[in-house]
Amino acid sequence: MEKKLVVLSGAGMSAESGINTFRDADGIWEGHDVMEVASPEGWNKNKELVLDFYNQRRKQLLEVSPNEGHHILADLQNDFKMTVITQNVDDLHERAGSQNVIHLHGELLKVRSVRDAKLTLDWTTDLTSLDRNDQGDALRPDIVWFGEAVPEFERAIDFVKEADFVIVIGTSLQVYPAASLMDYAPEEAVVYYIDPKPAPIAHSYQHLKIIPEKASRGLKMIKEEIISWGQTL
Ligand code: APR
């Protein structure tokens, strides 16, 4: 039976595509007060500032491409039943061919009704305060802001609990509840953590391999091993 692989990715996964991470030296949060551009309070205080912040990030996303790491992960779908659970709001996993992607923190290429979060629209241009959906609602970025609930979290836990293999990649493991997901992995799961500056891992696993490399290089290093290990289990 096909083994289950769950990928838990963060901003480092998209770094080699040219999208800055949040907390590295030249990070996205540098020069921005996070709460001004990524919180309901910031939205209520200055909608134009928030709209402009996400319009700039949406524009950049349409100019970049998936990197080799995204493609290696997509190829692993040939050997595993793979689910990607990402904190990233970009669509680079999907563009590389990954089929089952859960976005814990929302999607940059979607907007939603301020009245009903379930009413989402695909959106690739600038969003303005004048835009409305068919129901006449004002619109906001379909992003989970600090202090907001993470609706996909429960579903994500169910996938991690069933995992035979987990690849944690490109996340500083500082933002909860996303950072706690890997703790739900089964004791016997094989866990890889790929990050050039890996954060300390508190949880104990029978099989934990820390690969202090960038995403593409780290995935190149483990892909043969994880495939053959998957065939032996
Ligand atoms: N390859 C792999 N990992 C990398 C690379 C790379 N080329 N470059 C940097 N990294 C690692 C860093 O070492 C760091 O551990 O990626 C991680 C990026 O950490 P953060 O910037 O904190 O990003 P992330 O963990 O995804 O942040 C989580 O915080 O601000 C919120 O909602 C936002 O989803 C985001 C969440």
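These notes cover the structure that comes with them. (Residues numbered from 1 in each chain as written. Predicted model: local features only at pLDDT ≥ 70, side-chain atom pairs only at ≥ 80, totals over all residues. Heavy atoms only, no water.)

1. What to know about the sheet that holds strand E3 (residues 101-103)
Part 1 of the reasoning: The strand order across the open sheet formed by six strands is E3-E2-E1-E7-E8-E9, and the pairing between neighbours is parallel. Looking at strand neighbours, the two that pair on one side only are E3 and strand E9 (207-211), the edges of this open sheet. Going from strand to strand, the sheet's axes swing by 15 degrees on average, the running direction of each strand aside.
Part 2 of the reasoning: Note: strand E1 (residues 3-9) against strand E2 (residues 80-86), seven bridges, orientation parallel. From the neighbouring strand, Val7 faces E2, where its bridge partner is Val84.
Part 3 of the reasoning: Strands E1, E2 and E3 of the sheet are contacted by helix H7 (residues 153-161), whose axis makes an angle of about 145 degrees with E2. (Pairing = 2+ DSSP bridges. Helix = DSSP H or I, 4+ residues; strand = E, 2+ residues; numbered from the N terminus. Axes fitted to C-alpha atoms, helices over the stretch in contact; angles between N-to-C directions. Contact = heavy atoms within 4.5 Å.)

2. So, the nonpolar core
Part 1 of the reasoning: Ranked by internal contacts, the top residues of the largest apolar core, which has 25 residues, are Leu8, Ile85, Leu104, Val168 and Leu181.
Part 2 of the reasoning: Residue assignment for this core shows that the elements contributing at least two residues are E1, H7, strand E7 (165-169) and strand E8 (190-194).
Part 3 of the reasoning: If we ignore the near neighbours within four places in the chain, the residues touching Ile85 are Val6, Val7, Leu8, Ser9, Ile102, Leu104, Ala156, Phe159, Val160 and Leu181.
Part 4 of the reasoning: Counting residues in each nonpolar core, the second largest holds 23 residues, with Leu109, Val111, Leu127 and Trp145 among its members. (Core = buried A, V, L, I, M, F, W, Y, C linked by side-chain atoms within 4.5 Å. Buried < 20%, exposed > 50% of the residue type's maximum accessible area, 1.4 Å probe, protein only.)

3. Quick notes on the site of the ligand
Part 1 of the reasoning: Lining the immediate surroundings of the ligand are 22 residues, of which Phe22, Arg23, Trp29, Ser172 and Asp195 lie closest.
Part 2 of the reasoning: Interatomic distance of 2.6 Å between a side-chain N/O atom of Arg23 and an oxygen atom of the ligand.
Part 3 of the reasoning: Partitioning the shell around the ligand into residue classes produces eight nonpolar, eight polar and six charged.
Part 4 of the reasoning: Of the domains in this structure, domain 1 (1-19 + 66-105 + 149-233) and domain 2 (20-63 + 106-143) are the two that each give at least three residues to the shell around the ligand. (Near = heavy atom within 4 Å. Polar contact = N/O pair within 3.5 Å; in protein donor to acceptor, adjacent residues only side chain to side chain. Nonpolar A, V, L, I, M, F, W, Y, C, P; charged D, E, K, R; others polar. Domains from an automatic or database assignment.)

Interpretation in functional terms is not warranted from these geometric data alone.
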